[in-house]
Structure formats: C-alpha cells, structure tokens
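Spelled out from the first residue to the last, the chains are:
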Amino acid sequence: MSLKTKVIDKDNVVVRFSGDSGDGMQLTGTLFSQTTAIYGNDISTFPDYPSEIRAPQGTISGVSGFQVHFGKKEVFTPGDYCDVLVAMNPAALKANSKWMKPGGTIIIDIDAFDEKNLLKAGYKTDDPISEDLLNDFHIVRAPITSLTKESLKDIGLDNKSILRSKNMLALGLVYWMFDRPLIHTQHYINKKFKKNKIIVEANLKVLEDGYNYGGNIQAITPSYLVLPASIPKGKYRNLGGNTAVAWGLIAASQKSGLELFLGSYPITPATEILQELSARKDLGVKVFQAEDEIAGICTALGASFAGDLAVTTTSGPGLALKGEAIGLAVMAELPIVIVNVQRGGPSTGLPTKTEQSDLMQALFGRNGESPAVVVAASTPTNCFDYAFYAAKIAVEHMTPVILLTDGFLANGTQPWLIPDLNNWPQIVVPVADSKTKDWHPYLRDAEKLARTWAIPGTPNLQHRLGGLEKSYSSGAISHDAANHQLMCETRKEKVQRVANYIPDLELMGDVNAELLVVGWGGTYGHLYTALDELATEGISIALAHFNYINPLPKNSYQLLKNYEKIVVCELNLGQFADYLRMQFPDVNTTRYNKVQGAPFTVEELKTHFKSLLAK
C-alpha cells in the first residue's frame, strides 16, 4: 500500500517562483497563472524583475521572481507571504525565505546548492536551511537540474539548451502539488516552439517528468486543494495592466471614430504598451517609435492637431522630458493622453520596481500655469477603464490628460471579464462646424469651456496654433497682460469643470468608522484587503480611494471633513497628503508611506491601522 500525500485544503494560496534572471521564472509563473485562471480560481499576480539588465549570476541582485495569489473567492492582491516557494538557487532562497508563511513548502533545486553558489548568495555555512532557520517548513530537496539532464540525455540537445528546460520540470512538480492539468501548457509549448520540434519534445517531456516526480515523492510532499471560485458567467482572459491600457485606448478609438496614434520611446516599465499597440494595425492603430521622449510626444501632438486620438507613453524620467510639450498641448488646447507608468526614482532609480512618486510631477511639473487633468488606475484590469475615460476626457474637453499607472499594475494580472463595448458610452468629438459664423480657434462650449477641434483641410477653418499666448476672442498671437490672465484662468477653469463629468467619490467599509483610510492609484487592492480582513476581526474602518486626482471628485471635501482620524497611505513620502492639504487646509491627515520599490503588505497596513485606533 503506497503512502499518500498530505492534502491541505485552503481558501487561497500564494506561490512564488524565484531564481536567477536566466532561469525562466517569469514564463513559469505566467503559465501556472494561466492554467490556474482557466481552472476557475480568481488570481492576482506580481512579477518582480531585477533592476539590472544582467546582474551577476547567482547573486541576490540577480534574483527574478513571479508571485501568484489564487483562491476560491475574489482576491485583490498578489499576497503578502507565500505558501509555496520555488527557489532555483541559494540566492533565490536567501532573498525570499523571509516571505514564507509558517508551515509553508519550499522547493529547492538541491543541485544548485553547491559551495560556489552558497558563497555568492552570502551564506556562511553549507546548510542554508538551518542558517536561515527554515527547519519548520516543508523542504523539498528536488534534484531539478540533474533530473532535467537525465530526462533529456538522449534527445540530441547541447547541455546549455537542456538546462534551459529545467523551469518546466519545476512547473510540472508544482502542477502536481495543486492537481492542475498539463494540457494548457502543452498547447502553449506546441504553439510557441512549433518551428523547432526538438525544443517542443524536450519541454513536453520535462514538464511531464516533473509532474510524475511529484507523484514519486508524494509521501514527503504536501499537496494543496484550492477549489474554483464562484464568479459571474462570461468570457474571461488573464489581463495585465499595460495590455489593459492599450486595449482601453483602442476601445476609445472605436467609440470616438478617431484613428489611434501612438508616438512613444521605449522605457521600462511602459514599453509593453508600445509593443501591444504596434501589433494592432488590423484595428487601424498607427504607432511611431521615436528617437527620444521629446520626439515621441511631439509626433503625438502633430497627430492630435491633424485629428487623431493621440497618445504617448512613458515612465517618470520620460515624463520630465515631455514637460515642455505637455505645456504646448495646454496652450494649444489639443487633446492628448500621456500614460505614465510610474517606477522607483529619482533619475534611473529602481527601473523595474514600483512607486507612486510622480504625482507632483504630473500635477505641477511644467513651466507656467499649465493645468492638466490627472487620472490614476487602481487595478491591472481597470487600467482598461481609466485609459478609456482618460481618452474620453481628453477629446471631449480638448485638454491633455495624464494617466498614472505604476509598475505593480503594469506587470500584474487579474482575470478580466471581456466587456460588451455596446454598453460603453460614446465619445463625442467636438469637431468645429465649417458653417459657424465668426469661427475662431478658441470658440468655446459654454458648459465645458472646451474649444472646438478644427481638422486641417476643413474649408473656412484655417487657423494657427502654437506656444505663444493667443487672444481669447480671435486666436491671434497676443501679448496683452489682461488677456494672458484671462486665458490662464480659463484654462484652469476648463480643467476644474471636468469635475462635473466624473463620478462622486465612493466610501467603502463602515461610514461611521472612527478611522478613514485614504489611498489613490495602485494601492487599492492592499488597502481594500486590509479593510476587509479587519472587518472579519470586528474592527471597522472606512476607505476612500481616489482615481480622479485633478480635478478631485466634487464631494471629496464633504466626505473627508466628516472624519477626525484620516490616514493617507501611498508609495511615496506623502505627495497626495500634501496635495489634499493644499486643496482642503482644514482637513487634518496623518500619513503612512513606503518607498521600498514594493507594494504595501496587508499585514503592515492592518498593524498601522490598529495602532491609530488605539491612540
């Protein structure tokens, strides 16, 4: 009679794949996430890339990770701590063991734990398990490298190519632990490598051997049962934030009837938007990869002048370079969407890590009185929504709109219910009428104060736009002092009137709670989860999460002033808290900040909220 594995029944599980940047952990995590989503679990993922393009192999700075949180109910974060860690080398173990849950399972490639690699990772002994105090965890010492070599010894590949397949053996083992089918990954391998049959054969064989290895060691290895989630019926796909932004912009193009033009320069972590849109020529998307950030936005402004839905994408350093051209868009009152995928700064900073520190730059990082609408997405999937509405606001109000996402949202994924675009609002384009008597470039809508959009080539609508101040009444260049003040005030008021067209701020949790938590952008999932978990402990708090930053929702002050205890949580040193103080001087807030290149953990948020309630 064979021994049976211990089966752990859980509502949700966090798995982290970790190894050297050449070990294929991103692909491994992605394939596991896709299979888990197809199985029916709700998921949230977070890839964690090294900041260096190619850090020294085997070192902690070169560790690449992919974390997935999945469960039989809705999940909002990639999870704080892991139930299962796959560590392909000692550096991966050293970097990630501190994030393990008590009693969790650690799978190590024991072949990689030699003297050389242990030294590179900073271990002082030849027993990293004892050195890191990990003896209370389930340790699976799997000879992943040697098993891969044995599996493929007769297949005809060189040693380097064989070792590239070891991530599939680890993936097969994890599939066994969670009783997940191999078929979806098998389809992927057949499609991905269809032109190289030997690579297909190698990956399929190693994947199956990893799965079978799990069965062979089941007496010492726990397995996990996580049932499918109950989710609304419909067609879903696993969607990341950058792809969601691209698709939201395409949807806006469809609903406005405008051709979509992207003028951009590649920059981490925003490049994927450029890549995704460049593949959509079939939908009429035009993409220009410029020689630098300034050229990227200037080509987009030219496209906007010509009547396209114009977009440029970047991260913090690129937003700084685009500042003057954004000011030109403010002066010319041309619609354009500037997507800023925030990363750790300043300067080059932490290019693969997440942060929320570009808020003040988005609000004020231009010369002169240069107001722009600022919108922030809050989940990987609602990047679609806010890209769409950023484009809608830009076109209908004839103004530049800055859409803020961040590295956490850009690289994370969630299941996304594919929407019916018939249920989404039309985007009304304020095209100038060539029959309008006494038309001029700054003839405005009385409610929005938006000027009309005269497409070049339209009879009777010849005009000039530029960076010099224009006359309010004629559109001609003007150096009149009173006119300049009028135009500055009008452009500011035009942005403020956008508040009439955005939803009110919603309050989540207990409206009568003693403590109000305030967040914005990509911190939503962690803040909401903290609120939800505290509620199960009998502790009530309220949450106000902002997606519209400039202008703020019209009910913002009315909502905030009802609370004496307010804490603003953000991944910077307090920029939104400072902004709220500027807008509402009599609203007192405290702040909770983190600038470590990583999201909040739910546990640290809960601890801080409890400490505030105890005061």
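Residues numbered from 1 in each chain as written. Predicted model: local features only at pLDDT ≥ 70, side-chain atom pairs only at ≥ 80, totals over all residues. Heavy atoms only, no water.

Remarks on the overall build of the protein chain
(1) Moving on: Across its full length, the protein chain holds 22 helices and 22 strands.
(2) Moving on: Taken against the 2.2 N^0.38 rule, which gives 25 Å for 615 residues, the C-alpha radius of gyration of the protein chain at 27 Å falls within 12% of a compact globule.
(3) Moving on: Along the longest, intermediate and shortest principal axes, the C-alpha atoms of the protein chain span 90 × 65 × 45 Å.
(4) Moving on: In the protein chain, which comprises 615 residues, the share counted as buried stands at 58%.
(5) Moving on: Sequence separation of 24 or more characterises 77% of the internal contacts of the protein chain that already satisfy a separation of 6 or more.
(6) Moving on: Summing over all exposed atoms, the protein chain offers an accessible surface of approximately 26,100 Å²; the carbon and sulfur share of this is 52%.
(7) Moving on: Across the protein chain, the 58 positively charged side chains and the 64 negatively charged ones have centroids separated by 3 Å. (Helix = DSSP H or I, 4+ residues; strand = E, 2+ residues; numbered from the N terminus. Rg over C-alpha atoms; globule rule 2.2 N^0.38 Å. Buried < 20%, exposed > 50% of the residue type's maximum accessible area, 1.4 Å probe, protein only. Contact = heavy atoms within 4.5 Å. Areas by Shrake-Rupley, 256 points an atom, 1.4 Å probe, with all protein chains shown as cover. Lys, Arg positive; Asp, Glu negative; His and termini not counted. Charge placed at Lys NZ, Arg CZ, Asp CG, Glu CD.)

Some thoughts on the packing of helix 10 (residues 241-256) against helix 11 (residues 271-278)
(1) Moving on: In contact at an axis separation of 8 Å, helix 10 and helix 11 are set at 45° when each is read in the N-to-C sense. Taken together, the axes of helix 10 and helix 11 lie oblique to each other. Handedness of the crossing formed by helix 10 with helix 11: right-handed. Here Asn242, Thr243, Val245, Ala246, Trp247, Leu249 and Ile250 of helix 10 come into contact with helix 11, specifically with Glu272, Ile273, Glu276 and Leu277.
(2) Moving on: Per-class residue counts for the contact of helix 10 with helix 11 are seven nonpolar, two polar and two charged. (Axes fitted to C-alpha atoms, helices over the stretch in contact; angles between N-to-C directions. Parallel < 35°, antiparallel > 145°, perpendicular 65-115°, else oblique. Left-handed = near helix turned anticlockwise from the far one by under 90°. Nonpolar A, V, L, I, M, F, W, Y, C, P; charged D, E, K, R; others polar.)

Here we look at unusual backbone geometry
(1) Moving on: A cis amide bond links Gly345 to the next residue, Pro346, at an omega of 5°.
(2) Moving on: Pro551 follows Asn550 through a cis peptide bond whose omega is 0°.
(3) Moving on: Here Pro551 shows up in the loop between strand 20 (548-550) and helix 20 (556-560).
(4) Moving on: Positive phi, normally seen in glycine, also occurs at Ser347, with a value near 50°.
(5) Moving on: Despite not being glycine, Asp438 has its phi angle at roughly 60°, a positive value.
(6) Moving on: Mapped onto the elements of the fold, Asp438 is located in the loop between strand 16 (413-417) and helix 18 (481-496).
(7) Moving on: A residue is classified by how much of its surface remains accessible, and Asp438, at 63% relative accessible area, is exposed.

Side note on the sheet that holds strand 12 (residues 309-314)
(1) Moving on: In space, the seven strands of this open sheet follow the order 11-10-12-13-15-14-20, with mixed pairing throughout. In the strand order of this sheet, the two ends are held by strand 11 (286-289) and strand 20, each with one partner. Neighbour-to-neighbour, the strand axes of this sheet turn through a mean angle of 20°, independent of strand direction.
(2) Moving on: Looking at chain direction, strand 13 (residues 336-342) and strand 15 (residues 400-406) are connected through seven bridges and run parallel. Bridge pairing links Val339 to Leu403 in strand 15.
(3) Moving on: Packed onto the sheet, helix 10 meets strand 10 (260-264), strand 12, strand 13 and strand 15 and runs at close to 170° relative to strand 12.
(4) Moving on: The strands that helix 14 (residues 323-332) touches are strand 13 and strand 15; relative to strand 15, the one it contacts most, it runs at about 140°. (Pairing = 2+ DSSP bridges.)

Points about a positive patch on the surface
(1) Moving on: A surface patch of positive charge is lined by Lys191, Lys194, Lys195 and Lys197.
(2) Moving on: Along the polypeptide, Lys194 turns up in the loop between helix 8 (183-192) and helix 9 (197-216). (Patch = residues over 30% accessible without salt bridge, like charges linked within 9 Å, V, L, I, M, F, W, Y side chains within 5 Å. Salt bridge = Lys/Arg side-chain N within 4 Å of Asp/Glu carboxyl O.)

Some remarks on helix 16 (residues 383-397)
(1) Moving on: Look at helix 16: 21 Å from first C-alpha to last across 15 residues, which is about the 21 Å you get at 1.5 Å a residue.
(2) Moving on: For helix 16, the buried fraction is high: 13 of the 15 residues fall into the buried class.
(3) Moving on: Backbone geometry just after helix 16 places Met398 at a positive phi near 50°. (Expected span 1.5 Å × (residues − 1).)

Quick notes on the packing of helix 5 (residues 144-151) against helix 9
(1) Moving on: Running from N to C, helix 5 and helix 9 cross one another at 125°; their axes reach a closest spacing of 10 Å. When the axes of helix 5 and helix 9 are compared, the pair comes out oblique. As helix 5 packs across helix 9, the resulting crossing turns out to be right-handed. Across from Leu147, Thr148 and Ser151 in helix 5, the residues of helix 9 making contact are Lys205, Val206, Asp209 and Tyr213.
(2) Moving on: Here the contact of helix 5 with helix 9 is built from residues that sort into three nonpolar, two polar and two charged.

Details of the environment of Gln583
(1) Moving on: With respect to the helices and strands, the residue Gln583 is situated in helix 21 (residues 575-583).
(2) Moving on: Sequence-wise, Gln583 and Ser161 are 422 residues apart; in three dimensions their C-alpha atoms are separated by 59 Å.

Looking at a nonpolar patch on the surface
(1) Moving on: Judged by side-chain polarity, Val7, Tyr39, Leu225 and Leu227 come together as a nonpolar surface patch covering roughly 310 Å² of accessible area.
(2) Moving on: Tracing the sequence through the fold places Leu225 in strand 8 (residues 223-225).
(3) Moving on: A residue is classified by how much of its surface remains accessible, and Leu225, at 33% relative accessible area, is partly exposed.

Observations concerning the sheet that holds strand 5 (residues 82-87)
(1) Moving on: Across the sheet, which stays open at both edges, the six strands sit in the order 3-4-2-5-6-7 with mixed pairing between neighbours. Two strands close off the open sheet at either side, each with one partner strand: strand 3 (42-48) and strand 7 (138-142). Taken over all neighbouring pairs, the strand axes of this sheet differ in orientation by 15° on average, direction set aside.
(2) Moving on: Pairing geometry for strand 5 and strand 6 (residues 100-109), over five bridges, is parallel. From the neighbouring strand, Val84 faces strand 6, where its bridge partner is Thr105.

Examining the pairing of strand 5
(1) Moving on: Buried residues dominate strand 5, accounting for six of its six residues.
(2) Moving on: As paired strands, strand 2 (residues 12-20) and strand 5 are joined by four bridges and run parallel to one another. By the bridge assignment for strand 5, Arg16 is matched with Leu85.

A short note on the nonpolar core
(1) Moving on: Counting 53 residues, the largest nonpolar core has Val245, Leu249, Leu260, Leu277, Val337, Val339 and Leu403 as its most contacted members.
(2) Moving on: No other element matches helix 16, which puts 10 residues into this core.
(3) Moving on: Leave out the neighbours within four places in its chain, and Val339 touches Val245, Ile273, Val311, Thr312, Thr313, Thr314 and Leu403. (Core = buried A, V, L, I, M, F, W, Y, C linked by side-chain atoms within 4.5 Å.)

What to know about the domain arrangement of the protein chain
(1) Moving on: Along its sequence, the protein chain is carved into domain 1 (7-225), domain 2 (237-420) and domain 3 (508-614).
(2) Moving on: One C-alpha centre belongs to domain 1, the other to domain 3; they are set 36 Å apart.
(3) Moving on: At the junction of the two partners, domain 1 supplies seven residues and domain 3 supplies 10 residues.
(4) Moving on: Counting each side, the surface lost to burial between domain 1 and domain 3 is near 620 Å², with a carbon and sulfur contribution of 70%.
(5) Moving on: Our enumeration of links across domain 1 and domain 3 arrives at two residue pairs in polar contact (both at pLDDT 80 or more).
(6) Moving on: The residue inventory of the side of domain 1 that touches domain 3, partitioned by class, reads five nonpolar, one polar and one charged. (Domains from an automatic or database assignment. Buried area = accessible area lost by both parts, 1.4 Å probe. Polar contact = N/O pair within 3.5 Å; in protein donor to acceptor, adjacent residues only side chain to side chain.)

Comments concerning the side chain of Ser478
(1) Moving on: Along the chain, Ser478 falls in the loop between strand 16 and helix 18.
(2) Moving on: Overall, the relative accessible area of 12% leaves Ser478 in the buried class.
(3) Moving on: Once residues within four sequence positions are removed from consideration, Ser478 is found in contact with Glu469, Lys470, Ser471 and Asn483.

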